[in-house]
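# Structural overview
Each chain, letter by letter, is given below.
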Amino acid sequence: MLRRALLGVSRSSTIKNLVVKAPVTSNVVERFVAGETVDEVVAATRRLTGAGLSVTIDHLGEDTRDQAQADQVAQAYLDLLARLRDSGLSDRAEVSVKLSALGQFVGSDGERIAFENAELICGAARNARTTVTLDMEDHTTTDSTLGILRELRKDFPATGAVLQAYLHRTEADCHDLAYVGSRVRLCKGAYAEPESVAFTDQADVDKSYVRCAKILLAGAGYPMLATHDPRLVKIGQQLAADHDRALDSFEFQMLYGIRPTEQQRLANLGHRVRVYVPYGTDWYGYLVRRLAERPANLTFFARSLMTRS
Ligand code: FDA
């Protein structure tokens, strides 16, 4: 309920200004965001890969409304990929992109603009010998994003997809995407969705996650289990063993700053663990989703706001 309310109210520009300008915000942001610049995210990537973890980097931003801005986002990814290649980090670091940041909603040409930008990024990733994963946004974008994924995979078959267990449709999407070479990140889902399309009870979301993980781990693709939930991590390990999955035939994924000790523990056990590392100045939407996931984060944030003002 609180999560829904927070995700809803976050769309107000007054609230956004309040949060972005609050002096305390930077401490909270630092916990979840690796920095504002390429230098900072490259340093964080070096630290994480040095500890045996893999990385997927997100240049923060979403919901771009004009082509110039979409092209700037694409250029930021091209610069980032060149830096990863030149720093020798691209064997363990890939990128995650949001199609809405690449122009998916720029008028009637949005899908074409987003596709062309994503194609450029996939080309640069291939030159750097790494990959791209398309983040998944709210349910109104799912068909469009999976359509663009299908097109991209014709030339770039390693392009990763994201499926959200809270959507009713996702079991069927898992079946469709469980084929050889198909990289699929399975997450619970981070947006406020209506009952008509999504499970809204957490227990139902968790059950759906398990059903989807079963399909992906039984299939021929490369599942990427993105969750911090200790129960689901354990179930993921068990299902992988049940299906005789080699340790390099699937991976766990977690977000930067969340359960870092668990990330390291799983890597020390021999699992592939990839950390999703966001950077950039446009962190507001990302931060709100992280606060909404966990009331304790929100309480900490609210208390800090009150004591500073
Ligand atoms: P859950 O929210 O139940 O949390 C389980 C436990 O993890 C908590 O009890 C707590 O210990 C810890 N935890 C979780 N969130 C925390 C937080 N914010 N702060 C502190 N502790 C926290 N979503 C989406 O819609 N589209 C996408 O493309 C992606 N991409 C993505 C990539 C990766 C690598 C991850 C890990 C997640 C995503 N997500 C996402 C977000 C995902 O949908 C989901 O909202 C979060 O992962 C939280 O769900 P959990 O599975 O972690 O469980």
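See above for the structure.
Below is a short write-up of the structure. (Residues numbered from 1 in each chain as written. Predicted model: local features only at pLDDT ≥ 70, side-chain atom pairs only at ≥ 80, totals over all residues. Heavy atoms only, no water.)

### Brief notes about the overall build of the chain
- Across its full length, the chain carries 13 helices and eight strands.
- Since a compact globule built from 309 residues should have a radius of gyration of about 19 Å, the 19 Å found for the chain is in line with a globular shape.
- Burial statistics for the chain: of 309 residues in total, 54% are counted as buried.
- The contacts in the chain between residues at least 6 apart in sequence include a share of 74% that link residues at least 24 apart.
- For the chain, the accessible surface area stands at approximately 14,100 Å², while carbon and sulfur atoms represent 53% of it. (Helix = DSSP H or I, 4+ residues; strand = E, 2+ residues; numbered from the N terminus. Rg over C-alpha atoms; globule rule 2.2 N^0.38 Å. Buried < 20%, exposed > 50% of the residue type's maximum accessible area, 1.4 Å probe, protein only. Contact = heavy atoms within 4.5 Å. Areas by Shrake-Rupley, 256 points an atom, 1.4 Å probe, with all protein chains shown as cover.)

### As for the sheet that holds strand 3 (residues 132-134)
- Strand order in the open sheet formed by eight strands is 3-2-1-8-7-6-5-4, with parallel pairing between adjacent strands. Edge positions in the sheet fall to strand 3 and strand 4 (161-164), since each of these pairs with one other strand and no more. Averaged over all neighbouring strand pairs, the angle between strand axes comes to 30°, with direction disregarded.
- As judged from the four bridges shared by strand 4 and strand 5 (residues 183-187), these two strands associate in the parallel manner. Looking at the pairing, L163 lines up with L186 of strand 5.
- Together, strand 7 (251-255) and strand 8 (273-279) form the strand contacts of helix 11 (residues 260-268), whose direction differs from that of strand 7 by roughly 165°. (Pairing = 2+ DSSP bridges. Axes fitted to C-alpha atoms, helices over the stretch in contact; angles between N-to-C directions.)

### A closer look at unusual backbone geometry
- Its identity as a non-glycine residue notwithstanding, R129 has a phi of 60°, on the positive side.
- The topology assignment puts R129 in the loop between helix 6 (110-127) and strand 3.
- In the Ramachandran plot, R259 falls in the positive-phi region, its phi being about 50° despite a non-glycine side chain.

### Notes on the environment of T141
- The residue T141 is located in the loop between strand 3 and helix 7 (142-155) in this model.
- As for T141 and F105, which are separated by 36 residues in sequence, their C-alpha atoms are 9.5 Å apart.
- Once residues within four sequence positions are removed from consideration, T141 is found in contact with Q104, F105 and M136.
- Separated by 2.7 Å, the side chain of T141 and the backbone oxygen of D138 make a polar contact. (Polar contact = N/O pair within 3.5 Å; in protein donor to acceptor, adjacent residues only side chain to side chain.)

### Observations concerning the site of the ligand
- G189, T227, H228, E293 and N297 are the nearest of the 24 residues found near the ligand.
- Note that a nitrogen atom of the ligand is positioned 2.8 Å from one of the backbone N or O atoms of M136.
- H228 is positioned such that a nitrogen or oxygen atom in its side chain is 2.7 Å from an oxygen atom of the ligand.
- The fraction of the free accessible surface of the ligand (930 Å²) that becomes covered by protein chains is 86%.
- Of all the cavities here, the one that holds the ligand is the largest pocket.
- Elements represented by at least two residues in the shell around the ligand include exactly strand 4, strand 5, strand 7 and helix 12 (284-293).
- Ranked by residues supplied to the shell around the ligand, first place goes to strand 7 with three residues.
- Looking at the shell around the ligand residue by residue, the class counts come to ten nonpolar, six polar and eight charged. (Near = heavy atom within 4 Å. 1 Å grid on protein atoms, 1.4 Å probe; cavity = no way out; pocket = protein on both sides within 12 Å on 5 of 7 lines; lining within 4 Å. Sits in = over half its atoms within 2 Å of the grid points. Nonpolar A, V, L, I, M, F, W, Y, C, P; charged D, E, K, R; others polar.)

### Details of helix 5 (residues 67-86)
- Its 20 residues place the ends of helix 5 29 Å apart at the C-alpha level, agreeing with the 28 Å of an ideal helix rising 1.5 Å per residue.
- Considering only its buried residues, helix 5 is in contact with helix 4 (38-50), strand 1 (54-59), strand 2 (93-97), helix 6 and strand 8.
- Structurally, the start of helix 5 carries an N-cap: the backbone nitrogen of A68 is 3.1 Å from a side-chain oxygen of D66.
- Immediately beyond the C-terminal end of helix 5, within one or two residues, lies G88, with a positive phi of roughly 70°. (Expected span 1.5 Å × (residues − 1).)

### Describing the side chain of D173
- Mapped onto the elements of the fold, D173 is located in helix 8 (residues 170-177).
- The exposure class of D173 is buried, given its relative accessible area of 9%.
- Discounting chain neighbours no more than four positions away, the residues touching D173 are L146 and L163.

### Looking at the pattern of salt bridges
- Inspection of the entire model under this criterion finds 19 salt bridges.
- Taking the shortest distance from any N to any O, the salt bridge between D86 and R85 comes out at 3.2 Å.
- Residue R85 is classed as partly exposed on the basis of its relative accessible area, which comes to 41%.
- A salt bridge links D135 to K98; the nearest nitrogen and oxygen atoms lie 2.8 Å apart. Remark: K98 occurs in the loop between strand 2 and helix 6 and D135 occurs in the loop between strand 3 and helix 7; sequence separation between them is 37 residues.
- Overall, the relative accessible area of 4% leaves D135 in the buried class.
- Note on K98: relative accessible area 6%, which makes it buried.
- Look at the salt bridges and you will find they share partners, linking D58, K98, D135 and R185 into a network. (Salt bridge = Lys/Arg side-chain N within 4 Å of Asp/Glu carboxyl O.)

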